[in-house]
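# Structural overview for review
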Amino acid sequence: MDNAPYHSVRSEKYPSKRWNKAELLEWLQSKGVILDRPFLKHELMIKVREIPRNKSYVIDKIAEDAEHTVLRLPPYHCEFNPIELAWAMVKGYVKHENTKFKIDEVRQLLHTAIERVTSENWHNFIKHVIEEEKKIWKVDDIMDEMIDQMELCVLKITGDTDSDYD
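Below: a short report on this structure. (Residues numbered from 1 in each chain as written. Predicted model: local features only at pLDDT ≥ 70, side-chain atom pairs only at ≥ 80, totals over all residues. Heavy atoms only, no water.)

## Description of the environment of Ile59
With respect to the element layout, Ile59 can be found in helix 3 (residues 58–65). For Ile59, a relative accessible area of 28% corresponds to the partly exposed category. For the pair Ile59 and Leu25, spaced 34 residues apart in sequence, the C-alpha separation works out to 28 Å. Apart from the residues within four sequence positions on either side, Ile59 is in contact with Met1, His7, Val70 and Arg72. (Helix = DSSP H or I, 4+ residues; strand = E, 2+ residues; numbered from the N terminus. Buried < 20%, exposed > 50% of the residue type's maximum accessible area, 1.4 Å probe, protein only. Contact = heavy atoms within 4.5 Å.)

Right, dumping it as structure tokens:
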């Protein structure tokens, strides 16, 4: 899953400065915070920041209930998402076939384009993404080797024998 905001809706709303004082008080009390005196709004926000954020997402719970796991893609790496290749195919078809530039025609072209995406296309999209991932792993291995070599060079130059790199 990519990092679109609608894929990352938190399970629990976390207070912001836009919340009024009553909402902040209620939220803090729901977290078991005992307030022994009246607090100003900015003091309540300090209390809010002391509570660890719950990083669970609505979609993760839905997936878990269906016995699935969400794998989030790294930001800005659409090459790891086969659906991007499918959308490129769909949009290319609509662009090529659109002659009237009317919304009804575009809507029909869109439906036709989606129907044209075959299981064989999907197989190829997934195969392509797997190959892209293999390339990145290869680059990662090369970078690890280069970093190890650079660290050894630094150790030789500095004569540092008391190091974590041994």
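## Some thoughts on the packing of helix 4 (residues 82–97) against helix 6 (residues 119–158)
Between helix 4 and helix 6, the shortest axis-to-axis distance is 8 Å and the interhelical angle comes to 130°. As far as their axial angle goes, helix 6 and helix 4 are oblique. Read as a crossing pair, helix 4 and helix 6 show a hand that is right-handed. Taken together, the residues of helix 6 that come into contact with helix 4 (itself represented by Pro82, Ile83, Leu85, Ala86 and Met89) are Asn121, Trp122, Phe125, Ile126, His128 and Val129. Taken together, the residues of the contact of helix 4 with helix 6 break down into nine nonpolar, two polar and no charged. (Axes fitted to C-alpha atoms, helices over the stretch in contact; angles between N-to-C directions. Parallel < 35°, antiparallel > 145°, perpendicular 65-115°, else oblique. Left-handed = near helix turned anticlockwise from the far one by under 90°. Nonpolar A, V, L, I, M, F, W, Y, C, P; charged D, E, K, R; others polar.)

## Digging into the packing of aromatic side chains
Evaluation of the coordinates by the stated rule reveals two aromatic pairs. The interplanar angle of 75° and the centroid separation of 5.3 Å between the aromatic rings of Tyr14 and Trp27 together place this pair among those described as edge-to-face. Of this pair, Tyr14 sits in the segment before helix 1 (21–30) while Trp27 sits in helix 1, placing them 13 residues apart in sequence. Assessed through its relative accessible area of 18%, Tyr14 is described here as buried. In this structure Trp27 comes out as buried when scored by relative accessible area, which is 8%. One Lys or Arg, Arg37, reaches over the ring of Phe39 and ends 4.1 Å from the middle of that ring. Across from the ring centre of Tyr57, 4.5 Å away, lies the NZ or CZ of Arg72, which sits over that ring. (Phe/Tyr/Trp six-rings, centres within 6.5 Å; stacked < 30°, edge-to-face > 60°. Lys NZ or Arg CZ within 6 Å of the ring centre and 35° of its normal.)

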